[in-house]
Each structure stands twice: as structure tokens, then as C-alpha cells.
There are 4 protein chains.
Amino acid sequence: MNFESDNAAGVAPAILDAIVRTNQGFAQAYGGDAVTARLKARLAELFEHEVGVYLVATGTAANALAVAQIAPPWGAVLCHEECHLAVDECGAPEFFGAGLKLIALPGAGGKIAAPTLAAALARGPWGGPHHTTAAVVSLTQATECGTIYRPDEIRELAAIAHAHGLKVHVDGARFANALARLEISAAAASWQCGVDILSLGATKGGAMGAEAVVVFDHALARGIEERRKRAGHLISKHRFVAAQLEAYLADDLWLALARHANGMADRLALALANAGLPAVWPVEANEIFVVLPRALDQRLRAAGARYFAWVTKDLPSRARDADDAVLVRLVASFATTGADVDKFLAAIRDG
Amino acid sequence: MNFESDNAAGVAPAILDAIVRTNQGFAQAYGGDAVTARLKARLAELFEHEVGVYLVATGTAANALAVAQIAPPWGAVLCHEECHLAVDECGAPEFFGAGLKLIALPGAGGKIAAPTLAAALARGPWGGPHHTTAAVVSLTQATECGTIYRPDEIRELAAIAHAHGLKVHVDGARFANALARLEISAAAASWQCGVDILSLGATKGGAMGAEAVVVFDHALARGIEERRKRAGHLISKHRFVAAQLEAYLADDLWLALARHANGMADRLALALANAGLPAVWPVEANEIFVVLPRALDQRLRAAGARYFAWVTKDLPSRARDADDAVLVRLVASFATTGADVDKFLAAIRDG
Amino acid sequence: MNFESDNAAGVAPAILDAIVRTNQGFAQAYGGDAVTARLKARLAELFEHEVGVYLVATGTAANALAVAQIAPPWGAVLCHEECHLAVDECGAPEFFGAGLKLIALPGAGGKIAAPTLAAALARGPWGGPHHTTAAVVSLTQATECGTIYRPDEIRELAAIAHAHGLKVHVDGARFANALARLEISAAAASWQCGVDILSLGATKGGAMGAEAVVVFDHALARGIEERRKRAGHLISKHRFVAAQLEAYLADDLWLALARHANGMADRLALALANAGLPAVWPVEANEIFVVLPRALDQRLRAAGARYFAWVTKDLPSRARDADDAVLVRLVASFATTGADVDKFLAAIRDG
Amino acid sequence: MNFESDNAAGVAPAILDAIVRTNQGFAQAYGGDAVTARLKARLAELFEHEVGVYLVATGTAANALAVAQIAPPWGAVLCHEECHLAVDECGAPEFFGAGLKLIALPGAGGKIAAPTLAAALARGPWGGPHHTTAAVVSLTQATECGTIYRPDEIRELAAIAHAHGLKVHVDGARFANALARLEISAAAASWQCGVDILSLGATKGGAMGAEAVVVFDHALARGIEERRKRAGHLISKHRFVAAQLEAYLADDLWLALARHANGMADRLALALANAGLPAVWPVEANEIFVVLPRALDQRLRAAGARYFAWVTKDLPSRARDADDAVLVRLVASFATTGADVDKFLAAIRDG
């Protein structure tokens, strides 16, 4: 009953098989191998667009590398105040970006609303030598709260961003979860609604450790190879990272894995709601946020359930930090089983 | 009728005289001169404390150097969301601090309230490898809104900060204006209420270009000389910068100049209030923020008045951006004359 | 016949097996897992010393992270002018180290001689606010030229470094190759001869992608977790990286793999020498540098041999860039077979 | 008898007068004033070219800002191994340049010879993701050794640089000294021989603290205002820095001051040579480097002479660090008098 994180899961069997299969003979290091070449072609096909593809070891690296490409050191990256970039990466965007600035925007359920972005850009002050230059809007899809932007929402945010000369980044650590729910194509969820650069995650979805920065405009990729190398993210035995992504994307595996994770979350959420424990944000991807009475929390943990408490400013304070209740996050993954869910629900009922 | 900025004023005569007087013969470069030695002794006396003193050319440099000393690159600096550090320095703190992060706190009238700070520190998440470490609280005295922290307010904020292991920085670009109003000693306004490091401004107060980082705990100054040098802020003909500060602090000149500026602001504020134009924030230093009807604004500018429009999130929106009104900032300085004020007020009345 | 790089090899079977075996159930992310705990204990045992262990994805990251830990931004890292850190990492040390400076020292065969180091430290200028502070000596073991420092040589260099207040870093991307040749313990090759921090490579030796920063003085590790995280090098599914290192170090596998690679290099070098093509530097690890007549070079490539030309300032120019000859590097790895070597040698003879 | 540095001199009277004269009324801060506008026009006229002009407080800032503009963070700046940029700025170029790398080239008398540059660029390795990209050649005019590049020498170096896609920076902290000696125009010494960006110093020449980055191609100035601001080098009361440069350049004052300094150096050098103490490098600007017997050194210091010992790798070791002799630097400035020189020479003779 591990609902701590999608990172607590292991590797999907098909992806592990691909790693093993890739271990044949010699191959040119640093991306000059055949697997990497195939992967690049596959991503262009998948996104129905020319793409630049740059693999790195972690989602933090993908995000930080991506925003550093599209914001100057004196640039500002507007993002949700509780997104991963802002809160969970220990300043990686600022580090990769030579001291760029994140501007934290509020928003219900982890999402930035279009009027919030428009107001922030209109108000400023921005630019000139005194103020940082608004350079990037970074969206998280699915969000840190387990919600999902609709393509129209992204389109509207991107239109505002572009009208002000900003570029649009999407942190897609859980991009597959969004895609599986929205039932739209990768293209429809990215460049077709205005995304300029995407952190495409595979690790949370079932890979061992494989993330890609996908760039839809090659002018934005200038210097990215040097930037990646000096961050220590040019993997030497590159074929093994490429192989993970290749297997992840083959035969819609990524969508199947995500659909499974989303489905487990749905099941859990429904049962919780029926037990009088409604999710505090819509369960649209693979995460459920719910306020547990302390006694129940203790009983669940005693029964072997693992999950993390959650911190947010978003909710009314009574909804998150009552003395006798705790806001927690439950994450389902490709590896979550119906048995896990049933056992968890049984532990709730058994109180 | 220039109310644009205290930086629009020139140099106070006594300070200019000191520069001229200093131009005698040779002196060791880079701070090894007699004037610098005297200034350091003077500051220790003035602050009634051992101090480290590091001169730089601008207030931005002083602030950025100071916070970079007391926050690691993965540190967070909690500051008011509209303070100079956050808004007007084009990312200098992030640059000097190798990518540190500013956390923008709201607060009425440019001031951080103690509960706001306490809540931000309590809520987090902070530290561990994932989150930046809360490292610094930076206060502005007088604030960007022309208000002033009372010593007790700073003491309370500093106590909260210190209890969480943070250091306290004060941006004192207008420190003299606060001191002159509070009628307390430099010691009482700094280390005695918990300030660890101070950007002591003289430029806005009447110098040509002279700012000091004053460090009250020499452990915090480790490496500061190297950091200053590599930022290009070790002035070669150092005696001329030291001479400005020496003259500024001699015979309480700084307080006299600040008292004059504050007094001019008071006079202006009173007359404006009497004319039905009350300041939106208490006028406690040398700045007045007031909403002007557009027609009046145009008449004043036509009459030769110079000042800047102001952007804020702090006020209710009807108070700041009505279609037919504009929020403006009027700054008085040591060089503002009663005649300037009278002329401005006459232009108001003459409408 | 791939002699391009040890990175062109795949993964040693025992290491791949360990990865596969590790894929059981859930585990805490980011290093909170049992494999990582075991690895840390194993490294302490292996090095006969308390150690801090920080895994990263690449050797470049390990090196850059290590030197950034022990040099301030205004620090200088003295290293061989042709070492990996200086030439092949696209400025990663400068990036991680917030602008630190590498000082390139000359030296025959990729090694820094003690008098060279002593003279550089004695001459300076170092420190004060004007000059960078000499902070680190970085040695490569085995070197970029395939040579090896004897423990006494490292001891002497470290003694000079420590006497001047510097710390000693070793880039051990090929540490196992050195150990296998020297037939000494890991302790004897590291802290016992004065090494303060070690980049312990496994990737070149046979892992898929696993490198460790090993710190012998925990005071030097302060902040390293934050620094690693913000560089995007805290691996989420951490157990899989730890498992690689665990398998690599188990039952002296690393030494066996290195011994094999070294032995293949020996065999190749001997045959080349017998063919009138002596190595330009002593073949002490798994690399051979040799000047090939152009015609032979072409014949070898036509026969399917792969290797890279090499650039150096070290050799007399006639030895490296004659019009009709080319300096090349041949790298043997754990995966190099006797058949590869024989085929290569046959291609030479067949000319 | 102060020959420590041109920075030990004070301010030339005409420049101090200009500062005093400028202190009239209000002026827009941050460079929006009339003096700055005039200065920009004057520099365009002087250089016979459109120029971007960016004032800063120190020569270190000017150099670091200039190279950061024309080298990416993964760029390499090729410069003389003993130039100010490399040795005396505590890593400022690396700081401003987000971790760029200086490549130290050897060269007699502080000058880079064309074949040295050509060989370094030809040899590499440069570029690709693994190696830094050669981006800038930085020359010092006059050099740190008091020598001067002839225009043809700069033209040849610049041609090599440009042919390899590099830009050319000149550190002109003593540009006037070079110009006065060469008797050529500012244009002939800069863009006409291939210089792309110039640090134009005035401080050492007689100003109080005023340096300009002069950019000859406006495409190279993109973002420079933001970069300067975030380094804390946008001076608020800007007119006073502009006024110094205006006075410095008016009526060829800068050349007159430099000619005086050069002449004093000539006189000193001639007398020293006649006394059997020849300069170790040609005395072409305002600096003399000479090996003094220890006894003479002590006698001179006892007589009140001030100067610094000098460290170099350039000279044969017997010429610089004999037990009974010391290499010293004597700097003449606009403020050096014939009486100073005579007194110094008398102290030599009186031994």
C-alpha cells in the first residue's frame, strides 16, 4: 500500500526488457547511437512536428534546462506558486538560468487562470533595466494538485503569453496522465495549443530514469547541448536512456500505464468520497488529495499504508490544517494494484 | 519641481566639499587609505558595535552583496513582494547569490507583518534537498511605500527569523529618513532590534554615490571582500567614496538632510490632504503616494512638475487604477525647497 | 573493434542482473531505499573510513559537484591542463562552482609533478580580494593519458596542497583501473594518501550510468545534497543507481573488470610496440596513445576499427602532428575481447 | 614618491572641476540626464563610429561586463596568462559570464603573439557539447607589462579571431597611454583594427571613478543594460560619472595626462638604465618593471619610495627571483612630478 509517489514504483516490465535488450555490443557514446536516432524520429512522428530532443536524467533537470533555454538570466518565469519548479527543485531553475526569477502566481487546484496571468503581465512592472523581463509562462500538466488543463485553457494562456512576447513551457512529468484522461493527441496537447517547449517525463510513468526536453522551435534550442553538458546531463551510455523512452512510447504503452494509474486513482477517490472523504481537488490524473481525520490517518499508517502529508496555501485553512485532521496526498502509479486499493479501503472501513 | 526620486537631486554641498578636500596627493588604492580607516572607526562608534564595513557604488550592489553573504545559493530570502530587492534590481540578488530565491510576502504599506512572516516560515515547505532553505528576512527601512517599521516591529520580526535560523537584512537606502523620524540611535534601529546586516545608503540622502554594507557579526563577512571584488565593486580610488560617507555622517549631517526631506514630504502631504487628496499610505519618510485625478495630473505636469506613476498590488483596485485617476509617487529630498513645494501646491490650487 | 571509449561498451552482465533484480515492488524515492543504505555501508567498509556518498548520473556531474563543494566561487582549482575537468566538461566545474577558476598546469603524460604544483602555489599571486584563492588540487586517476599516479606521488602532491590550505580532489572515472594496476586498497589510494574527496566512477568500468561523490571529511559535505538537487542530480528511482554500484563493488567485480580492460590494453600495446608503434605514454591503465602512419590509420578504419584521434600539447610536435601520421587513442574496456585485439593486430600486419 | 599604482593618484583638477560644476539642480537618474547624452555623442564623434556606451564604476566591472556580453556561459575567452582579467579580478569575468572559462596564453612582455593565438585556435579542442566554445580574444592595451600592441599587431590578432568566429575585446584601462604613445586616433586603435568591444578606462588616467564599455556593433549590446543593472553597476546619480568622462575626453585632456605619465616613466626608465638597471620589458606606457638589488630596494623604501614587487612567469627565473634581487613595478601617473622622479633617482645614486 505505497501511495507515496509515482517514483516509489519500479520499472514497467516492457521498459526493463528494452534496457536488457539494448545491452548488445558497442555503441557510440553520448547519443550517437542507433536507439537515440530512432527515438528522435519516433518523437517527431508522435508530435507530428519537427522536434529537438534532449534527454536528461531527472525531471528537475528537464524543467530547469528548458526554462533556462527560453529565459535570459534577467528573465522572469511566471508559474503557479505551488508548482514543482517553484517549490520542489531546490532552486534548480534559478541555478540553470544563471539567477533568473520565478514569479509565483496563485490559482485554485494548481492551475493558473487566464485572468491571473493577464493581470500579472499587464501590471508589471516588467523590463527596462530595473525590472526583470517577463520571459516564460510555465504550466504543469497534470498539475501538482492532480488536476488537468483543458487544451482550450492552455491555448488561452499561451495566447496571452505570446501576445506579451513570452514563451510557454510545460512541465510534463505527468504528461501521459493528462493525455490519457483528455484523450487527445500529443500534438493537440502541446504545440497545437501554443506550447513552445515541453519537459516530457517518463520516469514517473514507468521508466527507470528518463526525461526529455522536447523543443518545438529549433531556434529555442540554440546552445542547449552545451548547457546540458555543463550541467552534467549528457549521459554517456546514452542508448540505455533512449531505450527507456522508446519502449515507453511504443504501442501506446505510456498511455496504457497512465490510464491504469488514473483508473486506480479514480477508484480510490470514489470509495473515499463514498466514505465521506471527498477529494479537495478534482481527481483528474493519478493523485488524490484528501483531508483525513487524525485517528484514521494513524489507523491507515498502522495498517501499512504509506503516503505523505501535503502543504498548500490554496485551500481555506479549515480545510487543511484542523487540529484533528491532516491533508494528505495519495499517488497511484502504473504499479498500483486493485489489491492495494482494496486493502487501503478495507483499512478505512475497518475503523 | 522634481519629485521623481531622491536620486534626481545632486550632492549635498558639505559632501561635495569633502570630495574636493580629499583630492590631496597620493593614497593607497582599494581602501588602504586614511579616510577609509577613519570612516570605519566612525561607523563602529556610530553603531556602538564592532562592524565590518564594505563600500560599494550603488544601493543595488549593497543589497545584493549583503543577501548573498547570508544566504546560500539554495537559500530563500523572504521579503516584501514590492520591495526594491524584489522588483527594482533586475535580479541582482539572484545574480550575486548564485541563483538564490526571493520569496515575495504581501503586506500593507510595504511592511511585512509578523504573523505573515511566522505563517510563511511555519508552513514551508523548507529545506531538505527538495526545497530551498529559508535563510534571510530582508526588510526595507524606510519602506518602498514611505512607511517606517517601529523598532518593536523589527524586533518581533527578527525574533521570528532568528528562532527559525534566519538572518535579518535591512535595506537602508533611506535609513536616515527612518532614523530622523523615529528619533532613535543607529544602534537602536539596527543590531539592538536584531538586524544582522545593513545596507546603509548615502546616495539618496545626499552623497554622489556611496553605499556601505555594515555587518554586525564578523562571521557573516567571511569572503565578502572577494565577493565584492568579483562583482566589480572594489572601488580603486576608494578614499573618494569613503570621504562621502564620512562627511554624510559627520555632525549628524545625514539626519539633518533626512529631516529636511521628511519635513518637505510632510508639508506636501498635509496640503494635499487638505485639498482632498490624502496619501494612500502614511507619510512617514520622504515619499508621498497619492491618487491624482487625470486632469490634475496633466495640469501638474504641464506646470513643470515631475514625478512617476506607481504600480502596486497592495491597494484596493479602485484606489489605484480608476480610469480617471492615477496613483503617483512624490519624493522629497535634501534638495527639495519650500519654493518647490509651494509651486506644486499652487499648481494644484490653480486648477 | 570498437576502441572509441569505455563508454561505448554496454553494461557488465552482473550489473544488469542487479538492475533487473532490484525491480521488486515499491521503494522510497530519492535515496531512502534499502539498496542505497546497503551501498553506503559497503563503501564505508571498502574505504575503511566514514564516508559521505552522493550518487549522480554522470562523471561530469560527480567532478563538478565535488569541486564546487571544496572551492568557493572565488576559488581556484589547480589541475592538469589536459584533464577531463579542464577540457571535456564544457565548463561544468565553473557552472557548478558559480564561476570558480581552473588553473591549468602542464605535466608529462597527464600527470602533475610535485615541483610544478609547488611552484604554482609559491608564485601566485593568490588570495586577498584581487586574486582567486587557491582552493583545490584536482588529480585524475588514472589520468587522461592512461598513466597512473603512484600513492607516493599523490601523497607528496597532497602534502603540498594541504600545506597551502588546499583540498585534494581525485577524478576517479577510471579509479578501478588504477587500483587494479597498483594492487593497493581503495583506502590506500584515497584518504590514506591525502585525498579529501573522490569522484568514484562506475560507468566507464561497466555500469549503465552510476557515479558517486565520496567525501572523506563530513565537514566538506555541507550543503552537498542541496547542491546536487538543484543541479538535477538527485535521482528519483535511486535504488537502480545504487544497485549498479553495489553490484560493481561486490566480490571485487570492479577490479576484475578493470584488470581485464588493463590486460587487453597491455596486449594491444605490446603488439603495437613490436610492430614499431610504441605508445607515446606508458600504458598503465586501459588506454593506449600511439602515432599511426596515415596509411595505416586508413587501413585500420577500413577494416572496421573505431577509435578517436587525440589532441595534446604535451608531446613534441613532431611526435603528434606530422603530415603523414596521426596521434590516436585506443581504449580497452571490460567488454573488449581477445578477438577484438587479435583482429586489430591482424589488420596492422596485413598492410 | 608614490609609484604604487595609477590608482594611488587623485583626480585631475579639470575632472574634479567638472564634477563640481555638474552639481546644479535636479537631473534624471540612471543616465537620463543631459551630461550622459552629451558624452554619448562625444564618444561617437571621437571613435568616428556609432557606439553603445555603458558606464560602470570600475575597470573590473567594465571588463567583466564586456566579455560576458560576447561569450556564452560555455564560451572561452583567450587572454594573456598574466593580464588583469585573468589574475587581478578575483574571477569577475567568470562571475559576470555565468561560469565562462579564461584560457591563459603565454607571451613575452604581456603580449599575445599572433602564432600563439592561431595555434591555440587551431589545436583546440573547441566546441561541440564537450568542449567550451572559443568565443573571445581579450587583449590589454597598454598591457600589464607596460608594453603596447601596434595597430598592425591587433589587426592580425583580430583577423585570426574573426576568422574563427571570435569577437575581440580590449581592456583599455590604460588605453590613453597607448594612444598617446602611438599617436593614432581612437578609431585607428579600436574598430579600425578589428576591436569589437572596448573597456575604456578613465580612472587610472585621472578620473575619480569612471569607466565605459564601448560597443562598436549594437548587436553585441543586447541585454547589456539588464546585465549591468543586475551587477549593481547602473549608477543612480549618473551625471557625475558621465561628467568625469566628458571632462577627461574634452580638449584631448586624456592624451595630455597620458603623455605626461608616459613621459615620467620614460625619464625614470632612462635614468635607471643609465644606473645599470634596465627595464625588463620595453617601457612603452607608464609602467617600468625593473630588478632591484635587495639592498637598493631597502634603501629606496627607507627613503620613502612606494611601489610593489611583481610576480611573473614570463622572465627567465634568474631575472626575477634571485635571492638578492627583486622584480618591482614603478607606475607613473598624471600626478607624478619631475620632483618625484628626481628624488627617486637621487635615492638610487645616494647609495
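Residue numbering note: each chain is counted from 1, following its sequence as written. As a convention, the first chain written is A and the first ligand written is 1, with the rest following in written order. With the structure being a predicted model, the display of local features is reserved for residues of pLDDT at least 70 and the display and counting of side-chain atom pairs for 80 or more, all residues being used for whole-chain, interface and lining totals. Calculation of side-chain values draws on the structure's entire complement of heavy atoms; hydrogens and water are dropped beforehand.

J.: Would you explain the overall build of chain A in this entry?
T.: Secondary structure assignment for chain A yields 14 helices and 10 strands. Its C-alpha atoms give chain A a radius of gyration of 20 Å, near enough to 20 Å, the size a compact globule of 351 residues would have. Each of the three principal axes of chain A carries a C-alpha extent, and together these read 60 × 60 × 30 Å. Only protein chains enter the accessibility calculation, which uses a 1.4 Å probe; a residue is then buried when its area is under 20% of its type maximum, exposed when over 50%, and partly exposed in between. Going through the 351 residues of chain A one by one, you find that 66% of them count as buried. A separation of at least 24 residues holds for 77% of the contacts in chain A among residues at least 6 apart in sequence. Counting only carbon and sulfur atoms, one obtains 53% of the accessible surface of chain A, whose full area is about 11,400 Å². When charges are tallied, Lys and Arg are placed among the positive residues and Asp and Glu among the negative ones, while His and the ends of the chain are skipped. The location of each charge is read from NZ of Lys, CZ of Arg, CG of Asp or CD of Glu. Side chains of chain A give 32 positive and 37 negative charges; the mean places of these two sets differ by 3 Å. Going along the chain from the N terminus, every DSSP run of H or I of four or more residues is numbered as a helix, and every run of E of two or more is numbered as a strand. With the radius of gyration taken over C-alpha atoms, the globule rule is written as 2.2 Å times the number of residues to the power 0.38. Note on contacts: a residue pair qualifies if any of its non-hydrogen atoms lie within 4.5 Å across the two residues. Accessible surface is estimated by sampling points in the Shrake-Rupley manner with a 1.4 Å probe; for residues, cover comes only from the protein chains shown.

J.: I tried to follow the sheet that holds strand β10 (residues 325-331) of chain A on my own but got confused; where do I start?
T.: Pairing between the strands of a sheet is mediated by backbone hydrogen bonds and can be parallel or antiparallel. Residues and elements named next belong to chain A. Strand pairing is assigned whenever DSSP detects at least two bridges linking the two strands. Strand order in this open sheet of 3 strands is β8-β10-β9, and the pairing throughout is antiparallel. Two strands lie at the open edges of the sheet, namely β8 (287-293) and β9 (308-309), each paired on one side alone. Examined bridge by bridge, β9 and β10 share 2 bridges and lie antiparallel to one another. Looking at the pairing, A309 lines up with V328 of β10. To get an axis, fit a line to the C-alpha atoms, keeping to the stretch in contact for a helix; angles then go from 0 to 180 degrees between the N-to-C directions. Contacting β8, β9 and β10, helix α12 (residues 294-302) runs over the sheet at an angle of about 115° to β8.

J.: Whenever I open this one, the relation of the copies chain D and chain B confuses me. Can you help?
T.: Here the two chain copies are tied together by a rotation about an axis and a shift along that axis. Superposing copies: least-squares fit, C-alpha atoms only, residues required to have pLDDT of at least 70 in both. With an RMSD of 0.0 Å, the operation that places chain D on chain B is a rotation of 180° combined with a shift of 0.0 Å along the axis. What the rotation and shift describe, once combined, is the action of a two-fold rotation axis. Interface residue correspondence from chain D to chain B reaches 100%, placing this contact among same-surface, isologous pairings.

J.: In this structure, what is going on with the interface of chain D and chain B? I would like to understand it.
T.: Reports often express the size of an interface as the amount of accessible area lost when the parts come together. At the junction of the two partners, chain D supplies 52 residues and chain B supplies 52 residues. Of the roughly 4,100 Å² buried between chain D and chain B on both sides combined, carbon and sulfur atoms contribute 60%. Throughout this description, the term salt bridge denotes a Lys or Arg side-chain nitrogen within 4 Å of a carboxyl oxygen of Asp or Glu. For the pair chain D and chain B, the number of links is 0 salt bridges. Of all elements in the fold, only α1 (13-22), α3 (59-70), α5 (92-96), α9 (224-230) and α10 (239-249) of chain D reach the threshold of two or more residues within the side of chain D that touches chain B. When residues are sorted by character, Ala, Val, Leu, Ile, Met, Phe, Trp, Tyr, Cys and Pro go into the nonpolar class, Asp, Glu, Lys and Arg into the charged class, and all the rest, Gly among them, into the polar class. Residues that form the side of chain D that touches chain B fall into these classes: 24 nonpolar, 17 polar and 11 charged. Accessible area, probed at 1.4 Å, shrinks when two parts are joined; the buried area is that loss added up over both.

J.: Can you help me understand the domain arrangement of chain A in this one?
T.: Residue and element names in this part refer to chain A. Boundaries of every domain are those given by an automatic assignment or by a domain database. Parsing chain A into structural domains produces domain 1 (12-252) and domain 2 (254-349). Averaged C-alpha coordinates put domain 1 and domain 2 at centres separated by 27 Å. Each partner contributes to the interface: domain 1 provides 30 residues, whereas domain 2 provides 24 residues. For the pair domain 1 and domain 2, the interface holds 4 salt bridges. When the shortest N-O distance is used, the salt bridge between R150 and E284 registers 3.0 Å.

J.: What's the story with the relation of the copies chain A and chain B in this structure? I'm lost.
T.: Its rotation angle being 180°, the transformation that places chain A on chain B also includes 0.0 Å of axial translation and leaves an RMSD of 0.0 Å. With an isologous cut-off of 70% or more, the 100% of interface residues of chain A that recur at the interface of chain B puts this contact in the isologous class.

J.: What exactly am I supposed to notice about the environment of D340(D) here?
T.: Mapped onto the elements of the fold, D340(D) is located in helix α14 (residues 338-349). The exposure class of D340(D) is buried, given its relative accessible area of 15%. In the structure, D340(D) is positioned 136 residues away from K204(D) in sequence and 18 Å away in space, judged by C-alpha atoms. If we ignore the near neighbours within four places in the chain, the residues touching D340(D) are F26(B), M1(D), F3(D) and A335(D).

J.: Would you explain the packing of helix α10 (residues 239-249) of chain A against helix α11 (residues 253-274) of chain A in this entry?
T.: How two helices sit against one another is set out by the angle between their axes and by the gap between those axes. Residues and elements named next belong to chain A. At a closest axis distance of 5 Å, the pairing of α10 and α11 adopts a crossing angle of 70°. In terms of their interaxial angle, α10 and α11 are classed as roughly perpendicular. Facing α10, whose interface residues are A247, Y248 and L249, α11 presents L253, W254 and L257. Its residues placed into classes, the contact of α10 with α11 shows 6 nonpolar, no polar and no charged. Any angle between 65 and 115 degrees counts as roughly perpendicular, while under 35 counts as roughly parallel, over 145 as roughly antiparallel, and the rest as oblique.

J.: What exactly am I supposed to notice about the pairing of strand β10 (residues 325-331) of chain D here?
T.: Side chains on a regular strand alternate between the two faces of the sheet. Residues and elements named next belong to chain D. Within β10, 7 of the 7 residues are buried, leaving the element largely enclosed by the surrounding structure. Side chains of β10 alternate between two faces, with A325, L327, R329 and V331 and V326, V328 and L330 buried alike. Pairing of strand β8 (residues 287-293) with β10, which is carried by 7 bridges, proceeds in the antiparallel orientation. The residue bridging L292 from the neighbouring strand is V326, located in β10.

J.: It is not clear to me how unusual backbone geometry should be interpreted in this structure. Could you clarify?
T.: If a residue is not glycine, its phi is most likely negative; likewise, a peptide bond is most likely trans. Between G124(A) and P125(A) the backbone carries a cis peptide bond, its omega angle lying at 0°. Following the sequence through the fold, P125(A) ends up in the loop between α6 (114-123) and β4 (133-140). Omega for the bond connecting Q141(B) with A142(B) falls within 30 degrees of zero, at -10°, which places this linkage in the cis form. With respect to the helices, strands and loops of the structure, A142(B) is situated in the loop between β4 (133-140) and α7 (151-163). Unlike most non-glycine residues, D251(A) shows phi in positive territory, near 50°. Along the chain, D251(A) turns up in the loop between α10 and α11.

J.: What is the right way to read the interface of chain A and chain B from this model?
T.: Residue-level contacts link 23 residues of chain A with 23 residues of chain B. For the pairing of chain A and chain B, the buried interface totals around 1,800 Å² over both sides, and the portion due to carbon and sulfur atoms is 55%. Linking chain A to chain B there are 2 salt bridges. Salt-bridge contacts for E94(B) lead to K101(A); the nearest nitrogen and oxygen are separated by 2.8 Å. N or O atoms within 3.5 Å of each other form a polar contact, as long as, within protein, one can give a hydrogen and the other can take it, and as long as residues adjacent in sequence are counted only when both atoms are side-chain atoms. If you look at where chain A meets chain B, you find 10 residue pairs in polar contact (both at pLDDT 80 or more). Elements supplying a minimum of two residues to the side of chain A that touches chain B: α4 (84-87) and β3 (101-105) of chain A. No other element matches the 3 residues that α4(A) contributes to the side of chain A that touches chain B.

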